Amino acid sequence: MPRQKKQHLKRRKDGRYCCRYAGLQFMGRTEEEALAAREEFKEQELLTKPEIISFKTYSERWLGSYKAHLTTGPYNTHVRNINRFIDTIGNKNMTDIVPSDISAYYQLFAGMSSSSIAAARDTIKGICKAALADGVIDRNPAESITPPRGVKGTHREISKEERVLIHQTQHRLRPAVMIMLYAGLRRGEALALDIDRDIDFQNMTVTVREAVRFNTAGQPEIVRPKTQAGIRNIPLLPGLAAEIKPFHGHLCVSASGKPMSEASWIRAWQSYLYALGEKMNGKSKRWAKGAWTPVEIRPHDLRHSFCTMLYDSGVDLKTAMLWMGHADQAMTMRIYTHLTETRRKESENAFILAQKNAFGMQNGMQIKSKPSKPLVFNASSNKEC
């Protein structure tokens, strides 16, 4: 133990020696006792001081100890969220993470589903809570930060107004959006689609044979569909054929020409929603001065809307199941049953409104109602009419 110089110790009137450290006094009957008391305090301080460890290193420890029991799917979700956090703020030390870092991470999930946001919240809050319990940090930076509110409920049919916006908006994701909307492809299937290989313009079919799955690092991997039902042929609508015919290869690629990473897709989708918002609001959000309404559509809503079109067109359940790529009828039946109830309610409301009109004609309070015009995808102009 290094000996402190004598001039740093003072002898009190009672004969004891005193030395100082961090504003505290340490005393002993001899100089050695006073210095020993000070060194003992320093050693105890080191034991209680938060461990200097990076977020990446601690998150790996957290996954190995706290989440080792998870199945592959939830485990990989945690890994992807950890990688997103590091991509957002860098691989900071746990002691350097502040609430604004958590807030910046949450903003990545703005406009996404409530389940995705909940998973992101559970990952970062779980790590911070465990780090606090382990003494790695002395305060929880995620405790007071609330993530954005996600879209709740099941996937929905896009509205007529949203469909018009999609047809009017030019964006690099437009071809992929069109094929998800008018062929019912999942996001991963659209990312893996190769126009030259999978689109038969002569026989007017779309062949789904592969899908993109994001690994734990968020990088794309080409895989076979989960079930044999995922490999399927779908009729190619004339309007959709005209929309995608000018393109070649994959619809969604990175700068290197390969399928997009998960982070690239998220950024591209947010950019696409913003472009729809500009079209709907008639101006950029920058100049809106607060009066700007965002467009909130999830990729799977497009596929759900395709199933809705099949229902409205009278396509039978078995055929719809084949074109949707469902392994059994349960999922298709659930959508069809929901739509049956929705259409029944719409018919009931239309009947009630018609009767209000009839009574309104008698008392001078006529209520006019104009039935909505069905959407038709015009192949020659690629516009709705």
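Residues numbered from 1 in each chain as written. Predicted model: local features only at pLDDT ≥ 70, side-chain atom pairs only at ≥ 80, totals over all residues. Heavy atoms only, no water.

Here's the deal with the overall build of the protein chain
Point 1. Scanning the protein chain for helices and strands turns up 14 helices and eight strands.
Point 2. Looking at the protein chain residue by residue over its 385 residues, the buried ones come to 39%.
Point 3. Looking at the protein chain alone, contacts between residues at least 24 apart form 59% of all its contacts between residues at least 6 apart.
Point 4. When the accessible surface of the protein chain is summed, it comes to about 22100 Å², and 53% of that surface belongs to carbon and sulfur atoms. (Helix = DSSP H or I, 4+ residues; strand = E, 2+ residues; numbered from the N terminus. Buried < 20%, exposed > 50% of the residue type's maximum accessible area, 1.4 Å probe, protein only. Contact = heavy atoms within 4.5 Å. Areas by Shrake-Rupley, 256 points an atom, 1.4 Å probe, with all protein chains shown as cover.)

Quick notes on the packing of aromatic side chains
Point 1. For the structure on display, the rule yields seven aromatic pairs.
Point 2. For the ring pair Tyr-311 and Tyr-336, a centre distance of 5.1 Å and an interplane angle of 85 degrees mean the geometry is edge-to-face. Linking Tyr-311 in helix H12 (residues 299-312) with Tyr-336 in helix H14 (residues 329-363), this pair joins segments that are 25 residues apart in sequence.
Point 3. The class of Tyr-311 is partly exposed, set by a relative accessible area of 21%.
Point 4. When its relative accessible area of 9% is taken as the criterion, Tyr-336 is described as buried. (Phe/Tyr/Trp six-rings, centres within 6.5 Å; stacked < 30°, edge-to-face > 60°.)

Concerning the packing of helix H4 (residues 99-106) against helix H5 (residues 114-133)
Point 1. Close contact between H4 and H5 brings their axes to 11 Å; oriented N to C, the two are set at 155 degrees. In terms of axis orientation, H4 runs roughly antiparallel to H5. The way H4 lies across H5 gives a crossing that is right-handed. Contacts between H4 and H5 pair Ile-102, Tyr-105 and Tyr-106 from the former with Ala-120, Arg-121, Ile-124 and Lys-125 from the latter.
Point 2. For the contact of H4 with H5, the class distribution of residues is five nonpolar, no polar and two charged. (Axes fitted to C-alpha atoms, helices over the stretch in contact; angles between N-to-C directions. Parallel < 35°, antiparallel > 145°, perpendicular 65-115°, else oblique. Left-handed = near helix turned anticlockwise from the far one by under 90°. Nonpolar A, V, L, I, M, F, W, Y, C, P; charged D, E, K, R; others polar.)

Focus: the sheet that holds strand S3 (residues 24-28)
Point 1. With antiparallel pairing, the three strands of this open sheet are ordered in space as S1-S2-S3. Of all strands in the sheet, those with a lone pairing partner are strand S1 (10-11) and S3, marking the two edges. (Pairing = 2+ DSSP bridges.)

Section: the confidence of the model for the protein chain
Point 1. For the protein chain, the mean per-residue pLDDT works out to 83, and 88% of the residues sit at or above 70.
Point 2. A low-confidence stretch, residues 362-385 stays under pLDDT 50, and its non-local contacts, those more than four residues away or across chains, total 41 contacts. (pLDDT = per-residue confidence, 0-100.)

A word on the sheet that holds strand S8 (residues 232-235)
Point 1. Pairing in this open sheet of three strands is antiparallel, and the strands run S4-S5-S8 from one edge to the other. A strand with exactly one partner marks an edge of an open sheet, and here the two such strands are strand S4 (199-200) and S8.
Point 2. Relative to strand S5 (residues 205-208), S4 runs antiparallel, the two sharing two bridges. Bridge pairing in S5 links Ile-199 to Val-206.

Brief notes about helix H3 (residues 72-89)
Point 1. Under the 1.5 Å per step criterion, the end-to-end length of H3 is 26 Å for 18 residues, consistent within 8% with the ideal 26 Å.
Point 2. Where H3 is buried, its residues meet helix H2 (55-65), H4, H5, strand S6 (211-214) and helix H11 (262-281).
Point 3. Positive backbone phi, approximately 85 degrees, marks Gly-90, located one or two places after H3. (Expected span 1.5 Å × (residues − 1).)

What about the packing of H2 against H3?
Two quantities define a packed helix pair, namely the angle between the axes and the distance from one axis to the other.
Point 1. Direction vectors running N to C along H2 and H3 enclose 170 degrees, while the axes themselves pass 11 Å from each other. As summarised for this structure, H2 and H3 are arranged roughly antiparallel, according to the angle between their axes. Contacts between H2 and H3 involve Phe-55, Lys-56, Ser-59, Trp-62 and Leu-63 from the former and Tyr-75, His-78, Val-79, Ile-82, Phe-85 and Ile-86 from the latter.
Point 2. Here the residues of the contact of H2 with H3 are counted per class, giving eight nonpolar, two polar and one charged.

Brief notes about the pairing of S3
Point 1. Examined bridge by bridge, strand S2 (residues 17-21) and S3 share five bridges and lie antiparallel to one another. Pairing of Tyr-17 across the sheet is with Gly-28, part of S3.
Point 2. Count of turn residues in the S2/S3 antiparallel hairpin: two residues, of which Ala-22 carries a positive phi of about 55 degrees.

Comments concerning helix H7 (residues 174-183)
Point 1. For H7, the tally of buried residues reaches ten of ten residues, placing the bulk of the element in the interior.
Point 2. Residues Arg-174, Pro-175, Ala-176, Val-177, Met-178, Ile-179, Met-180, Leu-181, Tyr-182 and Ala-183 constitute the buried set of H7.
Point 3. Phi for Gly-184, located one or two positions after H7, is positive at around 75 degrees.

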